[in-house]
Amino acid sequence: MVQILVTRPLPTAQATGLRLQEKGYSVEFAPFLHITCHAPTPDLPKDISGFVITSPNGAKVLCDAPRVSDFQQKPIWTVGQKTAALLTQAGFSNVRCAQQNVSSLIEMLKQAPEAHNGILCYLRGQQVHHPLHDQLLPFGITLSDHICYRADLGKTFPLAVAKKLAQNDITGVLIYSRRTGLAFRTTCDLYDLTENLRQNVHIFCLSKQIAVDFETQGWHNVHASHYSHEDNLFDLVDAILQK
């Protein structure tokens, strides 16, 4: 049975693992990001024009925010169907979803007349790879940062996972973010696994940007999903590993 390593945070990784098992894969877990959410500033002004949210973590914080009903009619620009679905299920009625990546989100915002009026609340983590302010301000779009979660990086493999990686028992690794990719590569270096895995393991990336990070570090079997959606990533896994 083909073994897959899932590197996304718990408990989300467990849902991913169940889906892979239903497809006939054996699954191991090595969650490198540990998410800590905290509420946005409780005095968010009612006259805020809308929200920009680039991850499910930000969506969850908004859904649990004080006076959430004040904001459920506001436009929200997001990336990914999962983030959009969380908001829609919580009663937000004006959710616009960019299907591919942050670049497609930026293009969508530039073309939205409402985004150019007032200030958009940007619910984000402490660290971001795509600073949106500099890319949007020249087009008259103003963001107000509200840091609402922290993603701490781990640098260890579970003992069983380290052993399987060393023995080439794991065929594929799923990488969902650039930070997770960095943590995975750093941990491989610490465990002296990099030279072996560069040649022998398949790296499946949720975006092209993640894949480029691996390719520039000399990893050979790197595959990028055309769209930043788990269904597309699974299709890629099947296409490569079920030949």
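This write-up is about the structure you can find in this document.

Where helix 1 (residues 12-22) meets helix 10 (residues 230-241), the axes come as close as 12 Å, and the angle between the chain directions of the two elements is 40°. The orientation of helix 1 with respect to helix 10, classified from their angle, is oblique. Seen from above, helix 1 lies across helix 10 with right-handed handedness. Facing Thr16, Arg19 and Leu20 of helix 1, the residues of helix 10 in contact are Glu230, Asp231 and Phe234. Of the residues contributing to the contact of helix 1 with helix 10, the split by class is 2 nonpolar, 1 polar and 3 charged.

Turning next to the side chain of His229. As for its placement among the helices and strands, His229 is situated in the loop between strand 11 (222-224) and helix 10. Contact partners of His229, with chain neighbours within four places excluded, come to Gln81 and Leu206.

Looking now at the nonpolar core. It is characteristic of soluble globular proteins that their nonpolar side chains tend to be buried jointly. Grouped together as the largest cluster of nonpolar side chains are 38 residues, with contacts concentrated most on Phe157, Leu174, Phe184, Ile203, Phe214 and Trp219. Looking at this core, the elements with two or more residues in it are strand 1 (3-6), helix 1, helix 6 (159-166), strand 9 (172-175), helix 7 (178-190), strand 10 (202-205), helix 9 (208-215) and helix 10. In terms of residue count, helix 10 provides more of this core than any other element does, 5 residues in total. Ignoring sequence-local partners within four residues, the contact set of Leu174 consists of Ile4, Leu5, Val6, Thr7, Thr16, Leu20, Phe204, Leu233, Phe234 and Val237. By size, the runner-up hydrophobic cluster in this structure holds 16 residues, among which are Val79, Leu105, Leu109 and Ala112.

The next subject is the sheet that holds strand 4 (residues 50-53). The 6 strands are arranged 3-8-7-4-5-6 in an open sheet whose pairing can be described as mixed. Of all strands in the sheet, those with a lone pairing partner are strand 3 (33-37) and strand 6 (95-98), marking the two edges. Direction aside, neighbouring strands of the sheet carry axes that sit 25° apart on average. In the sheet, strand 7 (residues 119-125) pairs with strand 8 (residues 142-153) via 7 bridges, with the strands oriented parallel. Bridging from a neighbouring strand, Tyr122 pairs with Asp145 of strand 8.

When you line up the elements, Thr187 lands in helix 7. Counting along the chain gives 67 residues from Thr187 to Leu120, while the straight-line C-alpha distance between them is 37 Å.

Moving on, we get to unusual backbone geometry. The amide bond that connects Leu10 to the next residue, Pro11, takes the cis arrangement and shows omega of 0°. Following the sequence through the fold, Pro11 ends up in the loop between strand 1 and helix 1. The backbone phi angle of Asn168 is positive, close to 60°, even though this residue is not glycine. Tracing the chain through its elements places Asn168 in the loop between helix 6 and strand 9. Even without being glycine, Asp192 reaches a positive phi, approximately 60°. When you line up the elements, Asp192 lands in the loop between helix 7 and helix 8 (194-200).

Reading the values: rules and limits
Residues numbered from 1 in each chain as written. Predicted model: local features only at pLDDT ≥ 70, side-chain atom pairs only at ≥ 80, totals over all residues. Heavy atoms only, no water. Axes fitted to C-alpha atoms, helices over the stretch in contact; angles between N-to-C directions. Helix = DSSP H or I, 4+ residues; strand = E, 2+ residues; numbered from the N terminus. Parallel < 35°, antiparallel > 145°, perpendicular 65-115°, else oblique. Left-handed = near helix turned anticlockwise from the far one by under 90°. Contact = heavy atoms within 4.5 Å. Nonpolar A, V, L, I, M, F, W, Y, C, P; charged D, E, K, R; others polar. Core = buried A, V, L, I, M, F, W, Y, C linked by side-chain atoms within 4.5 Å. Buried < 20%, exposed > 50% of the residue type's maximum accessible area, 1.4 Å probe, protein only. Pairing = 2+ DSSP bridges.

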